[in-house]
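# Examining the three-dimensional arrangement
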Amino acid sequence: MGLAPVSSSTASQGGSGSTSSLSQLGEDYTRFLTLLTAQIQYQDPLEPIDSTQFVSQLAQLSQVEQAVNTNSNLENLGGQLGAILSASGAAMLGRDVTVSSNEIHLKDGAGTAYYNTPEGTESVVAEIRDPDGNLVRSIQGLSTDSTELQEVNWDGLNDSGSPVLDGRYTMSLTALDADGAPVTAFTYRKAMVQEVLFTDGQNYFKLEGDETVPAEAVLAAS
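Residues numbered from 1 in each chain as written. Predicted model: local features only at pLDDT ≥ 70, side-chain atom pairs only at ≥ 80, totals over all residues. Heavy atoms only, no water.

## Let's talk about the nonpolar core
Within soluble globular proteins, side chains that are nonpolar tend to cluster in buried spots. Formed by 16 residues in total, the largest nonpolar core has its most connected members in L142, W154 and M171. If you list the elements that add at least two residues to this core, you get strand 2 (103–106), strand 3 (111–116), strand 4 (121–129), strand 5 (135–139), strand 6 (150–154) and strand 7 (167–177). For this core, the leading source of residues is strand 7, giving four residues. Leave out the neighbours within four places in its chain, and M171 touches N102, I104, A113, Y114, A126, E127, I128, V152 and T187. (Core = buried A, V, L, I, M, F, W, Y, C linked by side-chain atoms within 4.5 Å. Buried < 20%, exposed > 50% of the residue type's maximum accessible area, 1.4 Å probe, protein only. Helix = DSSP H or I, 4+ residues; strand = E, 2+ residues; numbered from the N terminus. Contact = heavy atoms within 4.5 Å.)

## With respect to the layout of surface pockets
Counted as a void, the largest pocket has a volume near 270 Å³. As for the largest pocket, its lining consists of H105, L106, K107, T112, Y114, G167, R168, R189, K190, A191, E208 and G209. Contributing elements (two or more residues each) for the lining of the largest pocket: strand 2, strand 3, strand 7 and strand 9 (186–199). Per element, the largest residue contribution to the lining of the largest pocket is three residues, and it comes from strand 9. When grouped by side-chain class, the residues that make up the lining of the largest pocket number three nonpolar, four polar and five charged. (1 Å grid on protein atoms, 1.4 Å probe; cavity = no way out; pocket = protein on both sides within 12 Å on 5 of 7 lines; lining within 4 Å. Points joined across faces, edges and corners; volume = space filled by probe spheres on them. Nonpolar A, V, L, I, M, F, W, Y, C, P; charged D, E, K, R; others polar.)

## Concerning the pattern of salt bridges
By the definition in use, this model includes six salt bridges. We note a salt bridge from R168 to E103, for which the minimum N-O separation is 2.6 Å. With a gap of 65 residues between them, R168 in strand 7 and E103 in strand 2 connect regions that are remote in the sequence. A salt bridge links D159 to R137; the nearest nitrogen and oxygen atoms lie 3.9 Å apart. Linking D159 in the loop between strand 6 and strand 7 with R137 in strand 5, this pair joins segments that are 22 residues apart in sequence. Of the residues examined, D159 reaches a relative accessible area of 47% and is grouped as partly exposed. On the basis of relative accessibility, which here comes to 18%, the residue R137 falls in the buried class. What emerges from the salt-bridge pattern is a single network uniting R137, D155 and D159. (Salt bridge = Lys/Arg side-chain N within 4 Å of Asp/Glu carboxyl O.)

## What to know about unusual backbone geometry
In this model, D108 sits at a positive phi of 55°, which is unusual for a non-glycine residue. Among the secondary structure elements, D108 is positioned in the loop between strand 2 and strand 3. With phi around 65°, D210 is a residue other than glycine that occupies positive phi space.

## Concerning the packing of aromatic side chains
One pair of aromatic rings is described through two measures. These are the centre distance and the angle between the planes. For the structure on display, the rule yields one aromatic pair. Each ring, one from W154 and one from Y169, has its centre 5.0 Å from the other, and the planes form 85°; the classification is edge-to-face. In this pair, W154 is assigned in strand 6 and Y169 in strand 7, connecting sequence segments 15 residues apart. Residue classification places W154 among the buried positions, given a relative accessible area of 2%. The residue whose ring lies beneath K190 is Y114, and the NZ or CZ to ring-centre distance is 4.6 Å. (Phe/Tyr/Trp six-rings, centres within 6.5 Å; stacked < 30°, edge-to-face > 60°. Lys NZ or Arg CZ within 6 Å of the ring centre and 35° of its normal.)

In structure tokens form, the structure reads like this:
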């Protein structure tokens, strides 16, 4: 995904398409009028050209011009909306947010992630894996309280009790109900917004640990 930092140029690039179309339309008008003049000049007086054909073609060109102008207005409106969205996203800079994420970042030998499960959950197990997908640590006996977000505190050790390197890891949950059937669990992360990105009409937040998430992934902010 190619993301670009918010800037005034980001919202102003949309007008080039309609400008090019208007330029092409002007050339079409010139060609049409040149052809019309030549045909009238050299027409057979005994079999004059049907003027309704020219009226029809002029009407078509007029419709194209209206469509191009409408598109230009929509592009300008899109640019204005983009500027509003980017400005609103900038207000999140430096704020701590809770986002939907399966990442857990280990720093100075400690990492924290969050989750919630539905009512009726009887057991929760977290599995932490390295960037290659290898299982590093399995944490069992986690809280099944569904009334609020629950923490997973990782001490930076693997299942053998040895410390692992700081960095980005992923966490998945296995949650079961009283019958041993799997239930859906959601994972979250809390981090500070370090940069606001705007692309394709949408805000993205770059968080501590070099993770980028869309604005709709934010569950809460403080």
